[in-house]
Each structure stands twice: as structure tokens, then as C-alpha cells.
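Working through the structure, step by step
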Amino acid sequence: MTKDEFYMLEAIKEAKKAEEIGEVPIGAVLVMNDDIVARAHNLRETEQRSIAHAEMLAIDEACRTLGTWRLEGASLYVTLEPCPMCAGAVVLSRVDRVVFGAFDPKGGCSGTLMNLLQEERFNHQAEVVSGVLENECGQMLSDFFRNLREKKKAARKNLSE
């Protein structure tokens, strides 16, 4: 097992915490010097806050833990490709490396729709490693949304009876 796979498995554990509470299963861990300094999972529905994405929460926790907004030397592991907001937070917090699992065809800004993390016009760029444990990360999301659709379909059926 590679180091990237090890830390992605930790991010997957966070994603499963999100799923257990009905959140979209996305998890993140932030690593510095081979230590996990922050862990987070999606809390957008729970907290009704649009910015409560796993990456944003992990970056915020890391900044508070380390006492600095500059996360130089850090690697962020996340189960889904970062969106524009999260990619922007990575750039602004100076995270050096982003490792993600599944690609996001509808909002991915680490290579799919665009690559904000390596935009040369910004004053910071991050290395991007994509597709680490992609199948595991993607399957978790596919299963979640399939189950959600089935629940909604069953609820509509119950209402019409």
C-alpha cells in the first residue's frame, strides 16, 4: 500500500461518517510531516451551511490546530475532486499537494472542468494527484445517490397510494 492510499483510506473513513448521518459521503484529511493534523467530512445538510464541505472544514481545523493560515508542506486527501470553492481555499491556504479519489464531472476544479489548483496566474499552485482509490471513492458516492433516489421514489409512491 502506498502512502497516498493509506491516507485516502483515512479520508474514506471520514466519508463514511458523513454517510451515516445522511450527508453526501465525502471525507478529507490534511497531512503534514506524515501526521494527520485535521479530519473532516461533509456537514452541509446537517449544519445547513453551503461552505461545510469536507475540504473546507479540514483546512479550517488544520489552521486552528497549527495556529497559521499558511499550510505550506501540507497534503490534502479528499475522496472527491475539489469544487471551485474548495480548490480556492487550497490555493489561498498554500496547501502544497491535493490527492483525490473520484473525479467530479459536474463540479471538479482540479482537472475535470478546469484546474484552479495549477492556474499559473495565482500566486500559489498545488501538485495534483488524481484517481487514488478512485473505484472505492466513486462507488461510495454512486451507492449513496442510488439509495437516495430509491428512497425518494418510494416516498412518492407512498404519497400517491
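Please refer to the structure higher up on the page.
Everything quoted here is computed from the prediction, not taken from an experiment. Throughout this document, residue positions are counted from 1 along each chain, in the order its sequence is written. Local features are withheld for residues below a pLDDT of 70 in this predicted model, meaning they are given only at 70 or higher, and side-chain atom pairs are given and counted only at 80 or more; totals for whole chains, interfaces and linings count all residues. Neither water nor hydrogens contribute to the side-chain values; these are computed over all heavy atoms in the structure.

What follows covers the overall build of the protein chain. Only DSSP runs of H or I reaching four residues or more are called helices, and only runs of E reaching two or more are called strands; each is numbered from the N terminus. On a plain count of helices and strands, the protein chain comes out with five helices and five strands. Reading the protein chain from its N terminus to its C terminus gives the helix and strand order α-β-β-α-α-β-α-β-β-α. As defined in this context, the radius of gyration uses C-alpha atoms, and a globule is described by 2.2 Å times the residue total to the power 0.38. What you see for the protein chain is a C-alpha radius of gyration of 16 Å, in line with the 15 Å of a compact globule of 161 residues. By its C-alpha atoms, the protein chain is 60 × 35 × 30 Å across when sized along the principal axes. Throughout, a contact is declared for two residues whenever any of their heavy atoms are within 4.5 Å. Restricting to contacts in the protein chain with at least 6 residues of sequence separation, those with at least 24 account for 58%. The protein chain carries 20 positive and 26 negative side-chain charges, and their two centres are separated by 6 Å. Only four residue types enter the tally: Lys and Arg on the positive side, Asp and Glu on the negative side, with His and both chain ends excluded. To locate a charge, take NZ of a lysine, CZ of an arginine, CG of an aspartate or CD of a glutamate.

Exposure categories follow from relative accessible area, calculated using a 1.4 Å probe and restricted to protein chains: below 20% of the type maximum is buried, above 50% is exposed, and the middle band is partly exposed. The element strand β1 (residues 27-32) is extensively covered by neighbouring structure, given that six of its six residues are classed as buried. On β1, burial covers both faces: G27, V29 and V31 on one face and A28, L30 and M32 on the other are all buried. Two strands are counted as paired when DSSP detects at least two bridges linking them. By the bridge criterion, six bridges tie β1 to strand β2 (residues 35-41) in an arrangement that is antiparallel. Note on β2: the bridge partner recorded for M32 is D35.

With that settled, the discussion passes to helix α3 (residues 54-66). By definition here, a helix of n residues has an expected span of 1.5 Å times n minus one. Here α3 contains 13 residues, and its C-alpha end-to-end distance of 18 Å stays within 8% of the 18 Å for a straight helix at 1.5 Å per residue. Contacts from the buried residues of α3 go to β1, β2, β3 (74-80) and α4 (84-93). Directly beyond the C-terminal end of α3, a positive phi value near 70 degrees is found at G67.

Two rings belonging to Phe, Tyr or Trp (six-membered ring only in the last case) form a pair when the distance between their centres is within 6.5 Å. Interplanar angles under 30 degrees mark stacking, angles over 60 mark edge-to-face geometry, and anything in between is tilted. On inspection of all chains with the given rule, the structure shows four aromatic pairs. Look at Y7 and Y77: their rings are 5.3 Å apart centre to centre, the planes differ by 40 degrees, and that puts the pair in the tilted class. Of this pair, Y7 sits in helix α1 (residues 3-20) while Y77 sits in strand β3, and the two are 70 residues apart along the sequence. An aromatic cluster is built from F6, Y7 and Y77, whose rings are joined through pairwise contacts.

Taken together, the side chains of M1, F6 and L9 define a hydrophobic patch exposed on the protein surface, amounting to about 320 Å² of accessible area. Position of F6 relative to the elements: it lies in helix α1. Patches were defined on residues exceeding 30% relative accessible area and lacking a salt bridge, with like-charge contacts within 9 Å and nonpolar side-chain contacts (Val, Leu, Ile, Met, Phe, Trp, Tyr) within 5 Å. Reported accessibility uses the Shrake-Rupley method at a 1.4 Å probe radius. Residues are deemed covered only where the shown protein chains occlude them. Any Lys or Arg side-chain nitrogen found within 4 Å of a carboxyl oxygen on Asp or Glu counts as a salt bridge.

This part is about the sheet that holds β2. Sheet architecture is open: five strands sit in the order β2-β1-β3-β4-β5, paired in mixed fashion. Looking at strand neighbours, the two that pair on one side only are β2 and β5 (127-129), the edges of this open sheet. Along the sheet, successive strands turn relative to each other by an average axial angle of 15 degrees, direction set aside. Relative to β3, β1 is paired through five bridges, and the arrangement is antiparallel. To define axes, lines are fitted to C-alpha atoms, for helices over the stretch in contact only, and angles between the resulting N-to-C directions are given on a 0 to 180 degree scale.

Nonpolar cores were defined as sets of buried Ala, Val, Leu, Ile, Met, Phe, Trp, Tyr and Cys residues, with membership established by side-chain atoms within 4.5 Å. By size, the foremost hydrophobic cluster in this structure holds 50 residues, and its most contacted members are M8, L30 and L76. Top contributing element to this core by residue count: α3, with six residues.

This part takes up the packing of α3 against α4. Two elements in contact, α3 and α4, have axes separated by 9 Å at closest approach and are oriented at 20 degrees. As summarised for this structure, α3 and α4 are arranged roughly parallel, according to the angle between their axes. Crossing hand, α3 versus α4: left-handed. Between α3 and α4, the residues in contact are E55, M56 and I59 and M85, C86, A89, V90 and S93, respectively. The class makeup of the residues in the contact of α3 with α4 is six nonpolar, one polar and one charged. Note on angle classes: values under 35 degrees are labelled roughly parallel, values over 145 roughly antiparallel, values of 65 to 115 roughly perpendicular, and the remainder oblique. Helix crossings get a hand from a simple test, with the near helix turned counterclockwise from the far one by less than a right angle marking a left-handed crossing and a clockwise turn marking a right-handed one. Each residue gets one of three labels, nonpolar for Ala, Val, Leu, Ile, Met, Phe, Trp, Tyr, Cys and Pro, charged for Asp, Glu, Lys and Arg, and polar for the others, Gly among them.

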